[in-house]
Structures are given as C-alpha cells and as structure tokens.
Amino acid sequence: MASAAPRSSLALPIRGEALALRRGGRLLVDDLNLSLEKPGITTLMGPNGAGKSLTVRMLAGLVEPDSGQVTWAGRAPDRARASSVGLVFHRPVMLRRSALDNVRYGLKAAGVPRGERRERAMAALARGRLEHVAASPAWVLSGGEQQRLALVRALAVEPEALLLDEPTANLDPASTLAIEELVSQAQARGTAVLLVTHDLGQARRLADRVVFLNAGGLSEDTPAVTFFDQPRTPQAQAFVEGRLVL
Ligand SMILES: Nc1ncnc2c1ncn2[C@@H]1O[C@H](COP(=O)(O)OP(=O)(O)O)[C@@H](O)[C@H]1O
Ligand SMILES: [Mg+2]
C-alpha cells in the first residue's frame, strides 16, 4: 500500500547555539543554547528581564545574535519559510479587516492557493470558536478574542513550530483557558511549541519541558515533571513553591 510521503521539515529542529546579544554595553543573552527538536510544549520561564523575549525573537529570526547562530532545519531562518514558524506576542497585531480576512491574509502569505483559503480560514476560526465573529472587523473583538484570532491565524497554516511570548498575559481566566486549549490542540497535531509564561498554573497544565532563564543564561532545561518535583536552582525552587512571583 502506498503511504503518503512525510512532509519534509522546513523549520524543525529550531536550534539556537551559543547565542549572545549585547546592547548598550550590556550582555543581555549570554552563551545560550536552546533548541526545539520535536512536537511538544516547552515553557520558557524566568524573572522579568531575564532575556526571554529576546531569545524568542532570535529563534524567530527577527533579531540577529551578536554571536552564535540560529538555524531552522539546518539553515539560517529566511522569509520564505517564515510561515512554518508561527509567532504570537502578548499584544495581538491585527490588520484593519475582518477576522476572516485576517486569517485569509495569513494563508495567502503562506502561499496557500486562493481557492482553498476561505474554507481553511473558516475551519481554523471554528477550531478557535470564532466563527460567529468571522465577518466582524478584527478591532471590535474583545482582547481575548483578538488574541485567539492571532493564534488561529498562526495555526491556520499548520506551522511546524509555534513561538508564543506571554500570549495570555493580558487575559482573563476564561480567555486564558481558551488559548491553552488551542495550544494543546496544536501540540496534538504535531507542532513544537515554545511558550513564554509567568503563570505557574499554565506551565503545570501544559508543559512537557521547562526552560528557566536567569540573567540572560539558561539555568534549567528539564522535563516538566523534574522541574516541578525537583527544581535545581534556588530561584526555580522559590518559583515552584510560590515564594517567587515572576
Ligand atoms: N533593544 C534593547 N536595547 C537595550 N536593552 C534591551 C533591548 N531589548 C531588551 N533589552 C533589555 O534586555 C533585557 C532582557 O529583555 P527581555 O528579553 O525583554 O526580557 P524578558 O525575559 O522579560 O522577556 C532587559 O533588561 C531589557 O531591558
Ligand atoms: Mg518578555
């Protein structure tokens, strides 16, 4: 029996090797190694200013490291493969168009043929329980709906990897859970997710693996079970025990 050929990888593994970044004489990221190799959810945690957002931006190919290198599937990131790596930040960036058109635009940018875009966009909106606002201008949606739309738009193209920088930072608990559900679905469909979060409960609910950053360097990179049962560093211990709020 003929079987479908596996889709060749455009993005995975995403590897950051010996990354360093300096700004204004300060070393903000120092000799950091962080890779996303396979499907699963990795949470990236650490105090404010630890370098989490800069790390995400380097892995996304948006910021060049001063030394070290980022590769997607063995080569430097390039625009042609940008839609293989979905990105969502804590504030959604929307086009001044309808919710549906925002998703359709993402599909167009990813090279999906015109005839397939509407159906795929509607299916993606349905997964995010946003069909009822498909025709509404994106800017009239609530904050939670806009963030869900940003995630739906990224997921519609079925990215291999998803980089999420505090996507639920500004959301109420119900909107947060709706985002978490979409992230879990993406993981189940085979996406490798890197999720920056300050939310201990969220990390416990979602993470397979935890990376903890401190002052621009990696202090832990372990399976989530190990991180929560036996955090190694004093800071991670304090965080897990609720004595340190990030
Ligand atoms: N463009 C920049 N120029 C100078 N300092 C920066 C710049 N971007 C970020 N920083 C500093 O780098 C550190 C890490 O930033 P960031 O990655 O945003 O931290 P976080 O872990 O909170 O996401 C912070 O101290 C921040 O002030
Ligand atoms: Mg940040």
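Our subject is the structure that appears above.
Remember, predicted model here, so these are calculated numbers, not experimental data.

*Asks:* What exactly am I supposed to notice about the nonpolar core here?
*Replies:* Generally speaking, nonpolar side chains in soluble globular proteins are found buried as a group. Counting residues in hydrophobic clusters, the biggest one holds 68 residues, and the most contacted among them are V103, V152, A161, L163, V193 and L195. Excluding its chain neighbours within four sequence positions, the residues that come into contact with L163 are V56, L59, A60, V85, L87 and L194.

*Asks:* Mind showing me how you'd approach helix α5 (residues 173-188) here?
*Replies:* Each full turn of the α-helix corresponds to 3.6 residues, which orients residues three or four apart in the same direction. Taking 1.5 Å as the rise per residue, α5 with 16 residues should run 22 Å; its terminal C-alpha atoms sit 22 Å apart, in good agreement. Of the positions making up α5, those classed as buried are T176, A178, I179, E180, L182, V183 and A186. Once α5 ends, the next one or two residues include G190, with phi positive near 100°.

*Asks:* Would you mind going over helix α2 (residues 99-109) with me for this structure?
*Replies:* Regarding α2, the residues found buried are A99, L100, N102, V103, R104, G106 and L107. For α2, the elements touching its buried residues are α3 (114-127) and α4 (143-156). Just downstream of α2 lies G111, where phi reads positive at about 85°.

*Asks:* What am I meant to see in the environment of V93 here?
*Replies:* Along the polypeptide, V93 turns up in the loop between β5 (85-88) and α2. With 12 C-beta atoms packed within 10 Å, V93 lands in the exposed category. When the C-alpha positions of V93 and L125 are compared, they lie 17 Å apart, and in sequence the two are 32 residues distant.

Basis of the calculations
- Residues numbered from 1 in each chain as written.
- Chains lettered and ligands numbered in written order.
- Predicted model: local features only at pLDDT ≥ 70, side-chain atom pairs only at ≥ 80, totals over all residues.
- Core = buried A, V, L, I, M, F, W, Y, C linked by C-beta atoms within 7 Å.
- Buried ≥ 20, exposed ≤ 12 C-beta atoms within 10 Å, placed from the backbone.
- Contact = placed C-beta atoms within 7 Å.
- Helix = DSSP H or I, 4+ residues; strand = E, 2+ residues; numbered from the N terminus.
- Expected span 1.5 Å × (residues − 1).

Read these as geometric descriptors, not functional statements.
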